[in-house]
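Each chain, letter by letter, is given below.
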Amino acid sequence: MAVTSAQVQELYVAYLGRAADQTGLDYWMAELNAEPALMTLENLRANFVNEQPEYEEIYGGLTRDETIIEIYNNLFGRAPDATGLAYWSTGEGAAVNADQLVVAFLNGASAADAQVVTNKVLVASIYTSAAGDNFSTEDAAAILVGVDGTTASVSDAIAGLTDLPSVAVPAAIGLIEAAAVAAKSLADFENEENTDALIAINDDVAALNTAGGYGATLADLDADSDDEVSYTEAEAALANAEDVRDAVSGLSTGVLSTQATEAAADLAAARTTLVNGTNGAVAAVRAFEAAIAADAALTAPAQADVDLRTAQLEATAQNSGAAWSNAITAAKLTAPVTADDLFALLADTATSASVVSAVNTAFAGIEGFSAVSTLAAQANAKAAADAKVQTTAQAVDDLSGTAADDYLDAFDASVAAQELLKDAQAADALVNAADAIVSSHDSLEQAVSNANTALNNSAAEVYAAGFTGTSGADVFYFAAGDLDQTLDINVTDAAFNAGDALYIGQGYTLSSVTELSDTGALVGGNNSAKEIFFIQNGTDVNVVVETAEFGSSTAAANLAVNATDNVAVITLLGVNAEDLSFSNGVISYVA
């Protein structure tokens, strides 16, 4: 699954307290998304902590507490509370390595903290894009100062771009970049990886609901019944997890833990009363407890595995010719015998060891039998252990007096309390896992909304069947999807003139090609990059924008209206190409 630039920016923000430089970001993205990948995000986190001089400059000599506080401040703009700091420094979280702290902190982030991280990564991404080759470490850190969970902090940071020495773009360009970066971050988040994660959580929720017999009604993630689950549909996993948690118990795990502790104490007291006051109780109780322990160590095979393996063996039986019938005869079984019959026979605790041995020997050469035999042996052992529990429990129950009944009742109550606590903890973990994904998505949606609101309230003019412009310095841009190969437009010199800027977007390279061939085609382009060409055409300039990476010599880019030529053509009327510049996705009229 492709790693997104936002995931890498998150590491720069968390560990280094700054936005990524474009060169570094591009390098890591190439490493992470190579085919096959040359490193993983886990490798990259370890690289930051163990190999980067900048990390050593910041954290070298810091205590565990100071490291935690530094990373917390970088991510959330605040120090951890005393309880959280103690947990990560001297409590259960003390064993988490520094390269894993970011993951741990983000997994446990509140919705408010998650929004702060989303906003910081958004602003960092905007700076990286806007600075380009003019990157400054000082500016990359300064742009994040003051960014919190509010819309205003993002707007202020973007407005401050023009005050940074390494960035020279109009404020409106920053807002356009913000909207584009936020939209891409949201689209990247709604990828297969996060969708699959929610589906996996939902599978675990359904399994818990079934195993515990809780009876919660779960929503089908494929709401539109198209045999595909979109990210939006997968978010129903959170509601399903919450419903199962409610079905398990309305009590918190803290209360359930107390109840389980009290039930265990009651069991211990009941056991003491029984063994101290009843003849033969010590041996009976020890046998029962040993049977319980042995039974707990075993699991019955999953029915799905049994069904799969017996079906495979049955298919073999149907195509094995005389081998199957010969095995039946050798095992002294009565035909017909199916694969299901063999499993049932071997799993039955009443089947003698000699019969089991004979069957295993006779069918050993049949493909697929070994897997069925293994599952049957597992089922047999579990059934035998279950029976032992019943037998030893009955022996305790047969002891004289009421103490035996009190002990067995206390035992059942303790087991039930422990199981309830375990299921509640499992349900809480599933709720938290789903909520972490959904909360991050909500933060990104809010970031998109905030960015679009700020852009819509700015002076930037979006393309709408043309540009109007003013007498001042204007900024123009295209809505998402508008700048495609169907776009071939004229922009008058009344609209686009000196001091104006036209935002095309990131990922483009200005080509040195400035002329057409005799056939009217662009020649000499780079077939591994999306390019922009300034072609002087009389008194006008044809700005040719590739909508796909290809060699220009193969394109029918003859500047005529053409909806299938992989280029958009924007003709700037009354403009000289020498008066135009292109940098960081922006065409500027610099005359």
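Please refer to the structure higher up on the page.
Keep in mind that this is a model prediction, so the values were computed, not measured.

Engineer: It is not clear to me how the overall build of the protein should be interpreted in this structure. Could you clarify?
Structural biologist: Secondary structure summary: the protein contains 22 helices and 10 strands in total. Along the first, second and third principal axes, the C-alpha set of the protein runs to 110 × 70 × 45 Å. Accessible area for the protein stands at about 28200 Å²; split by element, carbon and sulfur atoms hold 51% of it. The average position of the 15 basic charges and that of the 82 acidic charges among the side chains of the protein differ by 17 Å.

Engineer: How should the sheet that holds strand S3 (residues 488-491) be read in this particular structure?
Structural biologist: Strand pairing in a sheet is mediated by backbone hydrogen bonds. Such pairs are either parallel or antiparallel. As summarised here, the arrangement of the five strands in space is S3-S8-S7-S6-S5, forming an open sheet in which the pairing is mixed. On the outer flanks of this sheet lie S3 and strand S5 (508-510), each paired with one strand and no other. Each strand axis lies, on average, 20° off the axis of its neighbour in the sheet, ignoring direction.

Engineer: How should helix H10 (residues 151-159) be read in this particular structure?
Structural biologist: Within an α-helix, residues lying three or four positions from one another point in the same direction, as the helix has 3.6 residues per turn. Within the span of H10, buried status applies to Ser153, Val154, Ala157 and Ile158. Seen along its axis, H10 keeps its buried residues to an arc of 135°; they face one direction. Close packing links the buried residues of H10 with helix H8 (111-131) and helix H11 (171-189).

Engineer: Got a minute to help me understand the sheet that holds strand S4 (residues 501-503) in this structure?
Structural biologist: If you trace the five strands from one edge of the open sheet to the other, you get S1-S2-S4-S10-S9, paired in mixed fashion. Among the strands making up the open sheet, the edge pair consists of strand S1 (461-462) and strand S9 (580-583). Direction of pairing for S4 relative to strand S10 (residues 586-589): antiparallel, over a ladder of three bridges. Across the sheet, residue tyrosine 503 finds its bridge partner in S10, namely valine 586.

Engineer: Which parts of the structure should I look at to understand the nonpolar core?
Structural biologist: Nonpolar side chains in soluble globular proteins tend to end up buried together. Tyr127, Ile143, Leu161, Ile176 and Leu198 are the most contacted members of the largest nonpolar core, which has 65 residues in total. When near neighbours in sequence (up to four residues on either side) are disregarded, isoleucine 143 contacts Val123, Tyr127, Ala157, Leu161 and Leu164.

Engineer: In this structure, what is going on with the packing of helix H3 (residues 41-51) against helix H7 (residues 98-107)? I would like to understand it.
Structural biologist: Each pair of packed helices can be described by the angle between their axes along with the distance between the axes. Where H3 contacts H7, the two axes come as close as 7 Å, and the packing angle between them is 125°. As far as their axial angle goes, H7 and H3 are oblique. Taking contact as the criterion, the partners of Glu42, Arg45, Ala46 and Val49 in H3 are, on H7, Ala98, Asp99, Gln100 and Val103. For the contact of H3 with H7, the per-class residue count stands at four nonpolar, one polar and three charged.

Engineer: In this structure, what is going on with the pairing of strand S8 (residues 567-572)? I would like to understand it.
Structural biologist: The buried fraction of S8 amounts to six of the six residues, a majority that puts the element mostly inside the structure. Burial of the side chains of S8 extends over both faces: Val567, Val569 and Thr571 are buried on one face and Ala568, Ile570 and Leu572 on the other. Here S3 pairs with S8 via four bridges, running parallel. Note that in S8 the partner of isoleucine 489 across the bridge is isoleucine 570. Here six bridges tie strand S7 (residues 540-546) to S8, and the two strands are oriented antiparallel to one another. For valine 541, the partnering residue across the bridge sits in S8 and is leucine 572.

Thresholds, definitions, all that
- Residues numbered from 1 in each chain as written.
- Predicted model: local features only at pLDDT ≥ 70, side-chain atom pairs only at ≥ 80, totals over all residues.
- Heavy atoms only, no water.
- Helix = DSSP H or I, 4+ residues; strand = E, 2+ residues; numbered from the N terminus.
- Areas by Shrake-Rupley, 256 points an atom, 1.4 Å probe, with all protein chains shown as cover.
- Lys, Arg positive; Asp, Glu negative; His and termini not counted.
- Charge placed at Lys NZ, Arg CZ, Asp CG, Glu CD.
- Pairing = 2+ DSSP bridges.
- Axes fitted to C-alpha atoms, helices over the stretch in contact; angles between N-to-C directions.
- Buried < 20%, exposed > 50% of the residue type's maximum accessible area, 1.4 Å probe, protein only.
- Arc of directions from axis to C-beta.
- Contact = heavy atoms within 4.5 Å.
- Core = buried A, V, L, I, M, F, W, Y, C linked by side-chain atoms within 4.5 Å.
- Parallel < 35°, antiparallel > 145°, perpendicular 65-115°, else oblique.
- Nonpolar A, V, L, I, M, F, W, Y, C, P; charged D, E, K, R; others polar.

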